[in-house]
Amino acid sequence: MARLRVAVLISGRGSNLQALVDACSNPAFPAEIRLVISNEPGAPGLVRAERARIPTRVISHKEFPDRAGFDAALDCALEEAGIELVCLAGFMRMLGDAFVTRWRNRLINIHPSLLPAFKGLKTHERVLAAGVRFTGCTVHFVRPAMDEGPIIVQSAVSVLAGDDPARLAERVLGEEHKAYPLALRLIAEGRVTVTGERVDISGATGPAPSALINPTG
Ligand code: GRF
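Just so we're clear, the structure is a prediction, and the values are computed from it rather than from any experiment.

1. Considering the packing of helix α1 (residues 15-24) against helix α2 (residues 44-51)
Part 1 of the reasoning: One way to put it is that α1 packs onto α2 with a least axis distance of 9 Å and a crossing angle of 15°. One way to sum up the angle between α1 and α2 is to call them roughly parallel. Of the two possible hands of crossing, α1 and α2 adopt the one that is right-handed. Seen from α1, the contacting residues are Ser15, Leu17 and Gln18; seen from α2, they are Gly45, Arg48, Ala49 and Arg51.
Part 2 of the reasoning: A breakdown of the residues in the contact of α1 with α2 according to their chemical character gives 2 nonpolar, 3 polar and 2 charged.

Structure representation (structure tokens):
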């Protein structure tokens, strides 16, 4: 069966990119990464892609007078590579409405909280300040508003006494690295349908295959 052609967009470290690369390195995995794009020339994630012999492009937002020009350059690179699904993985630029609409339900993101709670930056600081007992991560389809869109996979993590933002971030990141490949697999297997603004996963019997629970960690 043909594998889903995926691009990953990054701006920095690329540990989620690495998790996706590792999953796709199994020939039985139903998706393959055909292109990695960074808007930051020095992003360490680019080295991860090169090591895995995945084509990379740097498209710096600084080279475009406006967002529309940058988005059009991204779109062009994705089309040229025949990309079917785009994964944002620590990509730190907001994408314009036209781009998001064009890639509707073919563009996914990972966020380090249980959305719709704690959208935006400094997530773990705000989670700790709020005193919630659980946090986690969410993989979702992208909509024009930041960190909004139909939820594909979530993984829950307990907030522990004595946590600081760094410790909590590390445990959530461990879950991100499981949740993102799971979401990609479900999509690539053709099991994900968006109805209204909700995701249905076909072939799901018993506990949702799109919920990971890690109560101790
Ligand atoms: C992750 O925490 C992700 O959820 C958020 O940005 C961070 C990126 O980390 N969107 P990395 O570059 O994948 O290591």
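2. Considerations on α1
One full turn of an α-helix is made of 3.6 residues, so residues set three or four places apart face in the same direction.
Part 1 of the reasoning: In terms of residue burial, α1 counts as a mostly covered element, since 9 of its 10 residues are buried.
Part 2 of the reasoning: Those residues of α1 not exposed but buried are Ser15, Asn16, Leu17, Gln18, Ala19, Leu20, Val21, Ala23 and Cys24.
Part 3 of the reasoning: Tucked into the core, α1 has its buried residues touching β1 (4-10), β2 (31-38), α2, β4 (85-88), β5 (107-111) and α6 (165-188).

3. A look at the layout of surface pockets
Part 1 of the reasoning: In this structure, the largest pocket occupies an estimated 930 Å³ of space.
Part 2 of the reasoning: Along the walls of the largest pocket sit 37 residues, with Gly90, Phe91, Met92, Ile110 and Leu121 positioned nearest its centre.
Part 3 of the reasoning: Broken down by secondary-structure element, the contributors of at least two residues to the lining of the largest pocket are α1, β5, α5 (123-130) and α6.
Part 4 of the reasoning: Sort the elements by how many residues they give to the lining of the largest pocket and α6 lands first, with 4 residues.
Part 5 of the reasoning: Here the residues of the lining of the largest pocket are counted per class, giving 17 nonpolar, 12 polar and 8 charged.

4. Details of the packing of aromatic side chains
Part 1 of the reasoning: Counting across every chain of the model gives 3 aromatic pairs.
Part 2 of the reasoning: Aromatic pair phenylalanine 70 and phenylalanine 91: ring centres 6.4 Å apart, planes at 10°, arrangement stacked. Of the two residues, phenylalanine 70 sits in helix α3 (residues 67-80) while phenylalanine 91 sits in the loop between β4 and α4 (97-102), which places them 21 residues apart along the sequence. Pair check on accessibility: phenylalanine 70 and phenylalanine 91 agree, each one buried.
Part 3 of the reasoning: Ring pairing ties together the aromatic residues Phe64, Phe70 and Phe91, which thus form one cluster.

5. Remarks on the packing of α5 against α6
Part 1 of the reasoning: Running from N to C, α5 and α6 point in directions that differ by 110°, and their axes come no closer than 9 Å. Considered as vectors, α5 and α6 are oriented roughly perpendicular to each other. Crossing of α5 against α6: the hand is right-handed. Counted together, His124, Glu125, Val127 and Leu128 of α5 and Pro165, Leu168, Ala169 and Val172 of α6 form the full contact between these two elements.
Part 2 of the reasoning: The residue inventory of the contact of α5 with α6, partitioned by class, reads 6 nonpolar, 1 polar and 1 charged.

6. Section: the pattern of salt bridges
Part 1 of the reasoning: According to the stated counting rule, one finds 13 salt bridges in the structure shown.
Part 2 of the reasoning: Across the pair arginine 171 and aspartate 163 runs a salt bridge, and its minimum N-O distance is 2.8 Å. As far as burial versus exposure is concerned, arginine 171 and aspartate 163 are alike and both buried.
Part 3 of the reasoning: Residues joined in a network through salt bridges with shared partners are Asp75, Glu79 and Arg102.

What counts, and at which threshold
- Residue positions are counted from 1 within each chain, in the order its sequence is given.
- Owing to the predicted nature of the model, reporting of local features is limited to residues with pLDDT of at least 70; listing and counting of side-chain atom pairs is limited to 80 or more, with chain, interface and lining totals taken over all residues.
- Side-chain measures here rest on the full set of heavy atoms in the structure, leaving out hydrogens and waters.
- Inter-axis angles, ranging from 0 to 180 degrees, are taken between N-to-C directions of lines fitted to C-alpha atoms, where helices are fitted over the stretch in contact.
- By the criteria applied, helices consist of DSSP H or I runs no shorter than four residues and strands consist of E runs no shorter than two, each listed in order from the N terminus.
- Our angle categories are set so that under 35 degrees counts as roughly parallel, over 145 as roughly antiparallel, 65 to 115 as roughly perpendicular, and the remainder as oblique.
- Here a crossing is called left-handed whenever its near helix is offset anticlockwise from the far helix by less than a right angle, and right-handed whenever the offset is clockwise.
- Any two residues having at least one pair of non-hydrogen atoms within 4.5 Å are treated as being in contact.
- Note on residue categories: nonpolar means Ala, Val, Leu, Ile, Met, Phe, Trp, Tyr, Cys or Pro, charged means Asp, Glu, Lys or Arg, and polar means any other residue, Gly included.
- Burial status follows relative accessibility: with a 1.4 Å probe on protein chains alone, a residue under 20% of its type maximum counts as buried, one over 50% as exposed, and anything between as partly exposed.
- Every definition here rests on a 1 Å grid over the protein atoms only: cavities are sets of points where a 1.4 Å probe fits but cannot get out, pockets are open sets enclosed by protein on both sides within 12 Å along at least five of seven lines, and lining residues have some atom within 4 Å of a point.
- Grid points are joined across faces, edges and corners, and a volume is the space filled by probe spheres set on the points.
- Only centres within 6.5 Å qualify two rings of Phe, Tyr or Trp (six-membered ring in Trp) as a pair; their planes then separate them into stacked at under 30 degrees, edge-to-face at over 60, and tilted for everything else.
- In the sections that follow, a salt bridge refers to a side-chain nitrogen of Lys or Arg positioned within 4 Å of a carboxyl oxygen of Asp or Glu.

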